[in-house]
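# Topology and contacts: notes
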Amino acid sequence: MISLSYFLVFAAALFCIGLYGVLARKNAIAILMGIELMLNAVVINLIAFWRFRSPEMIAGQAFGVIVFAVAAAEVAVGLALFIAIFRRRNTIAADEIDLLKW
Amino acid sequence: MEPSTLVWLLPVPPLLAFFLIILLTNRSKTLSHILGIGATSLSFIGSMVIVFLAIRSGHLGEDPFTSVLNWFPTGDTWFQIGVWVDPLTVGTLFFVAITILVIFIYSVGYQNFGQPKGDHDQPGLPPHGATIEDELGHKHRVPSIEPMYSRFFAFLSLFAFGMYVLVVSSNLLTLFVGWEIMGLCSYLLIGFWYAKPSARAAAIKAFLTTRVGDVIMLLGLAYLYTLAGSLSYDVIFSEETLHLLTSTNAPIFGVSAAVVIGLFLFFGTVGKSAQFPLHVWLPDAMEGPTPVSAMIHAATMVSAGVYLVIRVFPIISAGMHHGEPTLTMNVMAIIGAFTGLFAATIAVAQNDIKRVLAYSTISQLGYMIAAIGIGAYVAAAFHLFTHSFFKALLFLGSGSVIHGVEHGIFHTGEDIDPQDMLNLGGLRKKMPFTFWTFLIGGLALSGFPFLTAGFWSKDEILADAFAHANWPVLIVLAFAALLTAFYTMRQITLTFLGKSRTESAEHAVESKWTMTLPLVLLAVFAIVAGWPGIPGDFPLIGGFIPNFVHEFVGETLAEHPETITFNWIPLLISLAVSLGGLALGWWVYRDIPAGAPDPLEKPLGPIYKLLKNKYYFDELYDYIFVRPSYWVSRTFTYLWLDRKIIDGFLHLISRITFSLGGIFRNYIDKPIINGFGDFVGESVKWIGRSGRFIQTGLVQQYMVMALIIAFGTLFYYLFFLSQP
C-alpha cells in the first residue's frame, strides 16, 4: 500500500507548483489557476490525513467537499472581478493593476 | 366679621392698587385713577366702620381690637405681628383715612385729568401746557395732563399702604416697616419730576436726612428688643417691662435704658417729623407735586413721627415721679418748643406759598412734640388730629392757587413764578371756593378763637403747659403761636386780598370740582374736628358737646390722664396771640403794590436776611456734612483708597498672575506638553514615511511578503517552540 508520505510529498509538490504560478505569472487568470492548485494541494493533504489517521469519521471527506465548493465560489467571484477590471482598463496583467498603493 | 379681621384688611386695597396700576393698567390713566381712588375708598369705608365700632365698644382702652400672627421663630418663641386698634389708633385712622381719600380725589384735578396731551411734555417734567384751537380758529394755551399720571397714582397708593400699615400695627417692627415704605414713597414722590435737578436734589436730601433719624430709631428698637424680648405694644407697655427698662442702666451715658430707648425712638421722629436739627429736608420736599406735599408733608408721613412718640409715651414717660418730667421728655420739650418758634420765624420771611406752609408744618409738629414733652399726651394727639385736617386743607388750597394762577399764566404768557406770593394778590374774587376754604384753614392754623379746630387743640397745649407750670415752654409756644397767626394772615393777605399784582393773577380761574370738593370737605373738618375736644368746664360753650377726645384718647394710657382745670390765663394768651397775630399780619401786608419789597425787609434789616435764608442752615450743613462727605469720597475714598490701594493691589495681582502665566507657558507648557504632543505626531509621520515603500500596490509582492512571514513563523514554530 502507498504510504502517507507519498501523498504528502505529492501535495507539497503540487502546492509549490501552484505557488510558483501565483508568484511568477503576470496574467491574473493564471494567478487564479495557481491559487486553485495550492488549494487542491491542501485538500489532498486533508484527505490523506483523514484516510490514514481516522478513516472511521466522515468529517475529513465532508471538509474536502466544502473546500471544493468554497473554491468554486471564490473562482466565480475572482473571474467576475477580472472581467470588471478588464472592461475598465483593457488589461488583466497583475503588475499593471497597482492602484492600491501610497 | 370680627373687627380685628377687618383691621387686617385695611392696608390691602392700596397695595393691590399699587401692583395693578404698575403691572397692568399703567397705560390707561382713567383705569389707574379709578383703581387708586377705589382702593382708598375701600380702606376709607373699612376705617370708618372700625371707628364706629370702636366708639361704640366703650372700653377700647382696656380691650383693644387686636389679633396676632406668628411671623418668624426667635429661639423657642415666635416674633408676632398683628393689628392693634386702641383709641389712639382710632383717632389716627380717622384723619388718615379721610385725608388720604380726599387727596386722591384732588390729585385727579391737580394732575389735569381730562386735559389734552402737552405739546412737548416729557416724563419727569411738570406739564408745560397744550395748544388747542377753538371753532373760531383762535389758539389757546391750556394746561396739559401729567405724562406720568398712572405712576403718580401708583406711588400714592403704595404710600397709603405704608401709612395704614403703620397705623394698625400692633408692634414697633411692622410700624417701622410702614415707616420705611413711606420714606421710600416720599423719596419717589418728591423726585416725581425727576428731570428737574432741584427735585432730584430735594429727593436725595429728604431720603438721606430722614435716614439719619431712622437708623438711630432702629438702634432704639434693637435695644428695646434685647431688653424686653418683644416689640408688641401689649408687652413693651406693660408694667413689668417699663419697670425693667427704668431699673436697667444703659451701658452708655449712665442713664436708664428707658431714657436711651426713648431718646433713640424720639430721634426717629426728629427725622420723620422734620424737627430741629433734621428739619432741612421738609421745605425742599415742596419740589414734589402739591398733593404729595399735602399727603406726605402735612397729613400723614410727618404725622407718623408724632404718632410714634405718642404711641411710645409710656416708655418716654417711664420713671416719672409726681409729675416730674423724665430726661427724654425734657429733651423733647426743648427741641419741640425750639423747633416751633424757630420754624415759625423762618416762615415769616418766606415768599413761596408752599414753603411758608412747610415751615408752619415744622412749627406745628414742634408744638406737638413739646406737648408730649410736658406730658400733655391728649393735647398732643388732639393737635395731631386737627392739624392734619387743616394743614392738608392749606396745602391743597395752595395747590389750587398755583393751578389757578398757572391758568392765568397760560392766558397772559408771562414768565413768573406762580408760587411766589408777591406775584399773587386779589384772588378772593377769582377763586371763591379756594379763598374761603383757605381762609378757614388759615384761621384754624392760627387758632382763631372758638370756631376753628386749631384753636381748641392749640389752646389745650398752652393750657397744659400752664397747668404744669412749664413757663419757658409756655412763653416760647405762645410766641410761636403769635408768629403763626402773623405769617398765616400775611399769606392770606398777600395771596387773596388786595389787588392782583400781576396780569396772570388777574386772569386766575377757580379750579375744577375734583379740586374744590376736597377743599370743602377738609374745611368742614377743619372746623368741626375741634368740637369734640372742647374742655368740659369751658365758660359758656363747654359741656354742650362732651369732651370726647380727652375721655376717648386718654383711655389709651394705663393711667388715665387727669383733666386739667380751666384757667383764664392760657385762654387769654391764646386769644391775644391768635387775634393779635392775625390783625398784625393783615395790617402790615394789607396794601403791597406790585414789585414792592416785603415791608419787614427794612425794619428788620439783617435779621430779615437771616430769616429769608433760613438761618443759613442749608449752607451750614453744606459746609459741615455735604462738602466733607464729597471731599472724603473724592480725595480719600476715590483717589487714595480706591485708585491707589485697591487698584494698586489688583494691578499687583494681575502683574504677578501675568508673569506666572509666562513662566508656565515658557517652561512647562511649550517644552513639555507641546513637545510630547509634537513628538507623537512627528514619530507617527516618520514611521509612516519610512514604511510606505512596501506598499507597492502589486499583489504578487504582497503575496511574497505574506509567504516570507508565513515561512518565518513556521520555522520559528518548528525550531524554537516545538522542541520536545
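Residues numbered from 1 in each chain as written. Chains lettered and ligands numbered in written order. Predicted model: local features only at pLDDT ≥ 70, side-chain atom pairs only at ≥ 80, totals over all residues.

### Things to note about the overall build of chain B
If you tally the helices and strands in chain B, you get 29 helices and four strands. The C-alpha radius of gyration computed for chain B amounts to 37 Å, which surpasses the reference 27 Å derived for 724 residues by more than 25%, pointing to a less compact arrangement than a globule. The principal-axis extent of the C-alpha atoms belonging to chain B is close to 150 × 80 × 55 Å. Evaluated residue by residue, chain B yields a buried proportion of 51% over its 724 residues. Considering only contacts within chain B whose residues lie at least 6 apart along the sequence, 76% involve residues at least 24 apart. (Helix = DSSP H or I, 4+ residues; strand = E, 2+ residues; numbered from the N terminus. Rg over C-alpha atoms; globule rule 2.2 N^0.38 Å. Buried ≥ 20, exposed ≤ 12 C-beta atoms within 10 Å, placed from the backbone. Contact = placed C-beta atoms within 7 Å.)

### Here we look at the overall build of chain A
Counting its regular elements, chain A contains three helices and zero strands. If you list the helices and strands of chain A from N to C, you get α-α-α. For 102 residues, the compact-globule formula gives about 13 Å, and the C-alpha radius of gyration of chain A, at 17 Å, lies well above that figure. Expressed as a percentage of its 102 residues, the buried residues of chain A come to 8%.

### Comments concerning helix α5 (residues 149-168) of chain B
Under the 1.5 Å per step criterion, the end-to-end length of α5 of chain B is 29 Å for 20 residues, consistent within 8% with the ideal 28 Å. The buried fraction of α5 of chain B amounts to 19 of the 20 residues, a majority that puts the element mostly inside the structure. (Expected span 1.5 Å × (residues − 1).)

### Quick notes on the nonpolar core
Ranked by size, the top nonpolar core spans 216 residues in total, and within it Ile310, Ile372, Ala380, Leu477, Leu522 and Ala526 of chain B carry the most contacts. Leave out the neighbours within four places in its chain, and leucine 477 of chain B touches Ala337, Gly340, Tyr367, Ala370, Ile461, Leu462 and Ala465 of chain B. (Core = buried A, V, L, I, M, F, W, Y, C linked by C-beta atoms within 7 Å.)

### Some remarks on unusual backbone geometry
Along the chain, phenylalanine 276 of chain B connects to proline 277 of chain B via a cis peptide bond; the corresponding omega equals 5 degrees. Not every positive phi belongs to a glycine, and asparagine 90 of chain A is a case in point at roughly 65 degrees. Within the secondary structure layout, asparagine 90 of chain A lies in the segment after α3 (59-89). Assessed through the 8 C-beta atoms surrounding it within 10 Å, asparagine 90 of chain A is described here as exposed.

### Comments concerning the domain arrangement of chain B
Domain annotation of chain B identifies domain 1 (385-607) and domain 2 (619-694). Distance from the C-alpha centre of domain 1 of chain B to the C-alpha centre of domain 2 of chain B: 70 Å. (Domains from an automatic or database assignment.)

### Looking at helix α21 (residues 471-496) of chain B
For α21 of chain B, spanning 26 residues, the distance from its first C-alpha to its last is 37 Å, which sits close to the expected 38 Å at 1.5 Å a residue. Summarising burial for α21 of chain B: 22 of the 26 residues are buried, a large majority.

### Description of the packing of helix α17 (residues 377-412) of chain B against helix α23 (residues 513-528) of chain B
All names here are of chain B. Following both chains from N to C, one finds α17 and α23 inclined at 150 degrees, their axes separated by 9 Å at the closest point. Taken together, the axes of α17 and α23 lie roughly antiparallel to each other. In the crossing of α17 with α23, the sense of the turn from one axis to the other is left-handed. Residues Phe389, Phe390, Ala392, Leu393, Leu396, Gly397, Ser400 and His403 of α17 form the contact with α23, whose participating residues are Met515, Pro518, Leu519, Leu522, Ala523, Phe525 and Ala526. Of the residues assigned to the contact of α17 with α23, the class counts are twelve nonpolar, three polar and no charged. (Axes fitted to C-alpha atoms, helices over the stretch in contact; angles between N-to-C directions. Parallel < 35°, antiparallel > 145°, perpendicular 65-115°, else oblique. Left-handed = near helix turned anticlockwise from the far one by under 90°. Nonpolar A, V, L, I, M, F, W, Y, C, P; charged D, E, K, R; others polar.)

### Some thoughts on the interface of chain B and chain A
In this complex, chain B contributes nine residues to the contact, which on the side of chain A involves nine residues. Each residue belonging to the side of chain B that touches chain A can be placed in one class, and the counts come to four nonpolar, four polar and one charged.

### Overview of the environment of alanine 465 of chain B
Residues and elements named next belong to chain B. Here alanine 465 is to be found in helix α20 (residues 453-467). C-beta crowding within 10 Å serves as the criterion here: with 29 such atoms nearby, alanine 465 is assigned to the buried category. Through-space distance from the C-alpha of alanine 465 to that of glycine 375 is 8.8 Å; in sequence the pair is 90 residues apart.

### Quick look at the pairing of strand β3 (residues 130-133) of chain B
Residues and elements named next belong to chain B. Where β3 lies against strand β4 (residues 139-142), four bridges are found, and the strand directions are antiparallel. The residue of β4 that forms the bridge with glutamate 133 is lysine 139. What sits between β3 and β4 in their antiparallel hairpin is a turn of five residues, with glycine 137 showing a positive phi close to 90 degrees. (Pairing = 2+ DSSP bridges.)

### Quick notes on the confidence of the model for chain B
Averaged over every residue, the pLDDT of chain B is 86; the share at 70 or more is 98%. Prediction confidence for the complex, expressed as pTM and ipTM, is 0.77 and 0.82 respectively. (pLDDT = per-residue confidence, 0-100.)

### Some remarks on the pairing of strand β2 (residues 77-85) of chain B
The pairing of strand β1 (residues 65-74) of chain B with β2 of chain B spans nine bridges and is antiparallel. Bridged to asparagine 70 of chain B within β2 of chain B is glutamine 80 of chain B.

### Some remarks on the environment of tyrosine 164 of chain B
Residue and element names in this part refer to chain B. Tracing the sequence through the fold places tyrosine 164 in helix α5. It is 17 Å that separates the C-alpha atoms of tyrosine 164 and alanine 392, two residues lying 228 residues apart in sequence. Beyond its immediate stretch of four places on either side in the chain, tyrosine 164 contacts Leu10, Pro11, Pro14 and Ser43.

### Brief notes about the environment of glycine 60 of chain A
Residues and elements named next belong to chain A. By the element assignment, glycine 60 lies in helix α3. For glycine 60, a count of 16 C-beta atoms within 10 Å corresponds to the partly exposed category. Along the backbone, glycine 60 and glutamate 36 are 24 residues apart, and their C-alpha atoms lie at a distance of 19 Å. Setting aside residues no more than four positions away along its own chain, glycine 60 makes contact with Leu46, Ile47 and Trp50.

### Brief notes about the packing of helix α19 (residues 432-446) of chain B against α23 of chain B
All names here are of chain B. Where α19 meets α23, the closest approach of the two axes is 9 Å, and the angle between their N-to-C directions is 30 degrees. If you check the angle between α19 and α23, you find them roughly parallel. Crossing handedness for the pair α19 and α23: left-handed. Note on element contacts: α23 touches α19 through Thr516, Leu519, Val520, Ala523, Ala526 and Ile527, opposite Phe433, Thr434, Thr437, Ile440, Gly441 and Ala444. For the contact of α19 with α23, the per-class residue count stands at eight nonpolar, four polar and no charged.

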